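The primary structure of each chain is shown beneath.
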Amino acid sequence: MRRQIRRLALAGAMLLGSAGGALAHPHVFAEAHMEVVGAPDGTLAAVRNVWRMDEMFSSSVLVDYDKNANGTLDDDELEAVGETVRESIAEWDFYTFVTDAGRPVALKPPEAIHALYEDGQLLMFFEMQPASPLALKGRKLTFANFDETFFVAFDVPDGEGGFQLVDMPASCTKSVVVPDEDEAAKEWMNSIASLGPEQSVPDDGINYSQILATRMEVACG
């Protein structure tokens, strides 16, 4: 699975860098649920992810990791899956992104990615903590799952319910943004039009992975 992830992600990156970059498409689909957790001292404690992987990807993992051929994934096999995924997606920041007024917030890598296999689908869940203490008061934070290589497509099927605030200060409110593709294209064109004479188009061209990501915006008074 590690070889598959790296091979397909590289292929996606090559597509994005070509003139036909818009043809890049996902190979894995995941239903995403995210919890944003506050600490008693008013700081951000953690970001928790739960991903339900699509049946095709889940079945390929079963074939690769069901070492005793009993038709499911036992605890030791699930542990191996989680560790492989943790190692494989580290260079893509675990597809988990937080910004503070547009500036990236560094997150610690998860200590482990836990996995379950139920009803023919693989579930993965893990927690990431801020690399440095982040006070919530007065912040405008954005949270999202996306893959810049377009290898994995994240769907938030429950809309508002796909994002939850846990133990956050009462002054924090959330809103979920589901971007429109046409508006995203306009947004990118406007950003290009605003570049100065000494600036150039970003190397990755249209960053649709970020522009089109369903995201939660959290404002704390």
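Residues take numbers from 1 onward in each chain, read along the sequence in its written order. With pLDDT at 70 or above as the cut-off, local features in this predicted model cover only qualifying residues; side-chain atom pairs require 80 or more to be listed or tallied, and sums for whole chains, interfaces and linings still use all residues. Think of the side-chain values as coming from all heavy atoms in the structure, minus any hydrogens and water.

Undergrad: Before we go on, may I ask you to explain the sheet that holds strand 3 (residues 96-100) in this structure?
TA: In a beta sheet, neighbouring strands pair by backbone hydrogen bonds and run either parallel or antiparallel. Two strands form a pair only when DSSP identifies at least two bridges running between them. Segments assigned H or I by DSSP are reported as helices when at least four residues long, segments assigned E as strands when at least two residues long, and all are numbered from the N terminus. Pairing is antiparallel across the open sheet formed by 5 strands, whose spatial order is 4-3-7-11-10. Strands with a single pairing partner mark the edges of an open sheet, and in this sheet they are strand 4 (103-104) and strand 10 (172-177). With 2 bridges connecting them, strand 3 and strand 4 associate as antiparallel partners. Counted as the bridge partner of Asp100 is Arg103 from strand 4.

Undergrad: Whenever I open this one, the packing of aromatic side chains confuses me. Can you help?
TA: The description of an aromatic ring pair rests on the distance of the ring centres and on the angle between the ring planes. Side-chain rings of Phe, Tyr and Trp, where Trp is taken by its six-membered ring, are said to pair if the distance between their centres is within 6.5 Å; with planes under 30 degrees apart they count as stacked, over 60 as edge-to-face, and otherwise as tilted. Within the structure shown, the criterion is met by 6 aromatic pairs. Ring centres of Phe97 and Phe146 lie 4.2 Å apart, and the angle between their planes is 15 degrees; on these two criteria the pair is classed as stacked. A residue pair is termed long-range when its members are at least 10 positions apart, and Phe97 in strand 3 and Phe146 in the loop between strand 7 (140-145) and strand 8 (152-155) qualify at 49 residues. One exposure class covers both Phe97 and Phe146, and it is buried. These aromatic residues form a ring-pair network of at least three members: Trp51, Phe94, Tyr95, Phe126 and Phe154. We call a charge positioned over a ring when the NZ of a Lys or the CZ of an Arg lies within 6 Å of the ring centre and within 35 degrees of the ring normal. We note Lys67 situated over the ring of Tyr65; from NZ or CZ to the ring centre the distance is 5.7 Å. Categorising residues by exposure relies on relative accessible area from a 1.4 Å probe, with only protein chains included: less than 20% of the type maximum marks a residue as buried, more than 50% marks it as exposed, and the intermediate range marks it as partly exposed.

Undergrad: Explain the pattern of salt bridges to me, please; I cannot follow it from the model alone.
TA: Here a salt bridge means any side-chain nitrogen of Lys or Arg lying within 4 Å of a carboxyl oxygen belonging to Asp or Glu. Throughout the structure, instances matching the rule amount to 7 salt bridges. The salt bridge involving Arg48 is made with Glu35; its shortest N-O contact spans 3.4 Å. Pair noted here: Arg48 is in strand 2 (residues 44-53) and Glu35 is in strand 1 (residues 28-38), with a separation of 13 residues, a long-range link. Under the relative-accessibility criterion, Arg48 is labelled partly exposed at 32%. The partner of Asp100 in a salt bridge is Arg139, with the nearest N and O atoms 2.5 Å apart. On the criterion of sequence distance, the pair formed by Asp100 in strand 3 and Arg139 in the loop between strand 6 (121-128) and strand 7 is long-range, its members being 39 residues apart.

Undergrad: For this particular structure, what's the right way to read the environment of Val28?
TA: By the secondary structure assignment, Val28 is in strand 1. According to the relative accessible area criterion, Val28 is buried, its value standing at 3%. Taking C-alpha positions, Val28 is 6.8 Å from Asp54, a pair spaced 26 residues apart along the chain. Contact between two residues is taken to exist if any of their heavy atoms lie within 4.5 Å; hydrogens are not considered. When neighbours within four sequence positions are excluded, Val28 is seen to be in contact with Met53, Asp54, Phe57, Phe151, Val152 and Ala153.

Undergrad: Hey, could you run me through the confidence of the model for the protein chain in this one?
TA: Detailed reading of predicted coordinates is not advised where the pLDDT is low. Residue-level confidence of the predictor is what pLDDT reports, using numbers from 0 through 100. Of all residues in the protein chain, 74% have pLDDT values of 70 or greater, and the mean over the chain is 83. Low pLDDT, under 50, characterises residues 2-24; the stretch is placed with 28 contacts to residues that sit more than four places away or in other chains.

Undergrad: Where do I start with the environment of Arg52 in this structure?
TA: With respect to the helices, strands and loops of the structure, Arg52 is situated in strand 2. Owing to a relative accessible area of 24%, Arg52 belongs among the partly exposed residues under this scheme. In sequence terms Arg52 and Leu123 are 71 residues apart; their C-alpha atoms lie 4.5 Å from each other. The contacts of Arg52, once residues within four sequence positions are left out, are Phe29, Ala30, Glu31, Glu118, Gln121, Leu122 and Leu123. Polar contact is the term for a pair of N or O atoms within 3.5 Å; when the atoms are in protein, one must be able to donate a hydrogen and the other to accept it, and sequence-neighboring residues count only if both atoms are side-chain atoms. Side-chain polar atoms of Arg52 contact the side chain of Glu118, separated by 3.5 Å.

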